[in-house]
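# Commentary on secondary and tertiary structure
One letter stands for each residue in the lines below.
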Amino acid sequence: MKILVINAGSSSLKYQLIDMETEGVLAKGGCERIGIPGSVLKAKGNGKEKVFERDMPNHKVAIELVLEALHDDEIGVIKSMSEIAAVGHRIVASGEYFTKTTLVTPEVQKTLEEKTFELAPLHNPAAATVLRACMEVMPGTPMTLVFDSSFHSTMPEKAYLYGIDYDDYKAYGVRKYGAHGTSHKFVSQEAAKFLGKKPEELKIVTCHLGNGSSITAVDGGKCVDTSMGFTPLAGVLMGTRSGDIDASAVEFLARKKGMSHAEIVTYLNKKCGVAGISGVSSDFRDLIAGMEQGNERCKLALDMFNYQTKRFVGAYAAVMGGLDCIVFTAGIGENTPFVRQGVCEGLEFLGVKLDLAKNAERGDGIRDISAEGSRVKVLVIPTNEELVIARETAELL
Ligand code: AMP
């Protein structure tokens, strides 16, 4: 069975065609600059790469081009559309409307479009547009919605509620939903497999550290708390996002800077985080290089990131009443020894002991970077959100 996985952004569309028998990727690629001059599809298949420089005024044209690439003479991997058993769509926000992977029906589509857009104004409308386009060009092919927040739906009320008027929570759905759920789910399951244990036996803190970062407490295979909130602005400071900040400071800043509500939220999402602190970059490679050249603010940004991540690890060990494993994943988690060391330093009292040489090594696949005798295992696990989406879609079928 072949499953097409679609991950749509406001001006981008990434895809993978996955063979579920082997869980191997048959073809993959991404459209960039959709709706902007200079749009391009970079596609891989048959071990080759091809660039399609084509005008893509909207997501429908983009998905048509993706299907063309899948049928292409050189890089194509299918002969007919009927080979695609289903399409799994990544959806960022579900609110309380969806708690698990859902087969698309007219009713489901209506809820997605009418209820969830304001929860993720950049991502959900783009995903819904792509869903519509797919349904038009692939009529009869089952479609699923796989939500970033589903894995977090097991959080207890005491973890996901904010201290606001309960009636307002009920009326408006303002609560913590979390994000990166497919990644947290995947790496926590991979960690259990790697350790030869059942997920039910383990207390794991998963650190998805990328341009957006979130930390999750996974107790017995289920999410019990996570650092992102109502939106992905919450938790640790990130590339350009502030992370947690006193709501009164937001109002104060907006007044001082003469910004509207919308402007201050954009500022907190786009101008803050490690980019704002360092004044140099949101990219951790630049920050490490800056620190190595003696830039104090790059060092400060990195120290803040490590400190805040560690704070969540400690808090979540307390929440779960123990800790068996810390997992690092995503761009920074998989590639930045300085961050992994900074997060683990000082956690010896919890039984965490890092092997500094193993931590400094590069490598593929799952790596155990804990020192011999470390009670808590520290693992680096490459994330694979597309595979989770494909697995969930196949399961639902
Ligand atoms: P992601 O959002 O998971 O794609 O992660 C993106 C971030 O990971 C980038 O902004 C970089 O800061 C970081 N990153 C990616 N690759 C590396 C690397 N080789 N070394 C250090 N940081 C990296």
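Structural data are supplied above this passage.
This section reports on the structure supplied with the text. (Residues numbered from 1 in each chain as written. Predicted model: local features only at pLDDT ≥ 70, side-chain atom pairs only at ≥ 80, totals over all residues. Heavy atoms only, no water.)

## Regarding the sheet that holds strand 12 (residues 325–329)
- Pairing is mixed in the open sheet, where six strands are placed in the order 11-10-9-12-14-13. Because the sheet does not close on itself, it has two edges, and the strands there are strand 11 (222–226) and strand 13 (367–368).
- Bridge count for strand 13 against strand 14 (residues 377–380) is two bridges, and the pairing is antiparallel. Pairing of Asp368 across the sheet is with Leu379, part of strand 14.
- Relative to the sheet, helix 6 (residues 181–195) contacts strand 9 (203–209), strand 10 (213–219), strand 12, strand 13 and strand 14, its axis offset from that of strand 9 by approximately 130°.
- The strands touched by helix 13 (residues 337–344) are strand 9, strand 12, strand 13 and strand 14; relative to strand 12, the strand with the most contacts, the crossing angle is about 155°. (Pairing = 2+ DSSP bridges. Helix = DSSP H or I, 4+ residues; strand = E, 2+ residues; numbered from the N terminus. Contact = heavy atoms within 4.5 Å. Axes fitted to C-alpha atoms, helices over the stretch in contact; angles between N-to-C directions.)

## Section: the packing of helix 6 against helix 15 (residues 385–396)
- Where helix 6 contacts helix 15, the axes come no closer than 9 Å and their chain directions differ by 90°. Of the possible angle classes, the one that applies to helix 6 and helix 15 is roughly perpendicular. Across the interface between the two elements, Thr182, Ser183, Lys185, Phe186, Glu190 and Lys193 from helix 6 touch Glu385, Leu387, Val388, Ile389, Arg391 and Glu392 from helix 15.
- Here the contact of helix 6 with helix 15 is built from residues that sort into four nonpolar, two polar and six charged. (Parallel < 35°, antiparallel > 145°, perpendicular 65-115°, else oblique. Nonpolar A, V, L, I, M, F, W, Y, C, P; charged D, E, K, R; others polar.)

## Thoughts on unusual backbone geometry
- In this structure, Glu23 is a non-glycine residue whose phi angle is positive, near 60°.
- Examined against the element boundaries, Glu23 turns out to sit in the loop between strand 2 (13–19) and strand 3 (24–32).
- A relative accessible area of 32% places Glu23 in the partly exposed class.
- Positive phi, normally seen in glycine, also occurs at Ala330, with a value near 75°.
- We classify Ala330 as buried; its relative accessible area is 7%. (Buried < 20%, exposed > 50% of the residue type's maximum accessible area, 1.4 Å probe, protein only.)

## Brief notes about the nonpolar core
- Core analysis: the largest hydrophobic core is formed by 40 residues, its most contacted members being Leu4, Leu13, Tyr15, Leu41, Leu70 and Ile84.
- If near-sequence neighbours (up to four positions away) are discounted, Leu41 is found in contact with Tyr15, Gly30, Cys31, Lys50, Val51, Phe52, Met56, Leu65, Val66 and Ala69.
- Within the second largest apolar cluster, 39 residues are counted, among which are Leu209, Cys298, Leu302 and Val339. (Core = buried A, V, L, I, M, F, W, Y, C linked by side-chain atoms within 4.5 Å.)

## Let's talk about the site of the ligand
- Around the ligand sit Gly210, Asn211, Asp283, Phe284, Arg285, Ala330, Gly331, Ile332, Asn335, Thr336 and Arg362, and that is every residue in its neighbourhood.
- Residue Thr336 places a side-chain N or O atom 3.4 Å away from a nitrogen atom belonging to the ligand.
- Protein burial of the ligand: of its 500 Å² of free accessible surface, 70% is covered by the chains.
- Those elements that place two or more of their residues in the shell around the ligand are helix 10 (284–292) and helix 12 (330–335).
- Looking at the shell around the ligand element by element, the count peaks at four residues for helix 12.
- Tallied by class, residues from the shell around the ligand come to three nonpolar, five polar and three charged. (Near = heavy atom within 4 Å. Polar contact = N/O pair within 3.5 Å; in protein donor to acceptor, adjacent residues only side chain to side chain. Areas by Shrake-Rupley, 256 points an atom, 1.4 Å probe, with all protein chains shown as cover.)

## Focus on the pairing of strand 1 (residues 2–8)
- Most of strand 1 is tucked away, with six of its seven residues classed as buried.
- In this sheet, strand 6 (residues 84–91) lies alongside strand 1 in parallel orientation, the contact comprising five bridges. Bridge assignment links Ile6 to a residue of strand 6, and that residue is His89.
- Sheet topology note: the strand 1/strand 2 ladder contains seven bridges and is antiparallel. Paired with Lys2 across the bridge in strand 2 is Asp19.
- As consecutive antiparallel partners, strand 1 and strand 2 are separated by four residues.

## Quick look at the environment of Asn211
- You can see Asn211 is positioned in the loop between strand 9 and strand 10.
- Overall, Asn211 belongs to the exposed group, its relative accessible area being 58%.
- The sequence separation of Asn211 and Ile332 amounts to 121 residues, and the corresponding C-alpha distance is 7.9 Å.
- Contacts of Asn211, omitting those with residues within four sequence positions, involve Met238, Gly239 and Ser282.

## So, the pairing of strand 5 (residues 48–53)
- The sheet contact formed by strand 4 (residues 40–45) and strand 5 spans six bridges and is antiparallel. Across the sheet, the residue bridging to Ala43 is Lys50, located in strand 5.
- The antiparallel hairpin formed by strand 4 and strand 5 contains two residues in its connecting segment, where Asn46 sits at a positive phi of about 55°.

The analysis is restricted to geometry; functional conclusions fall outside its scope.
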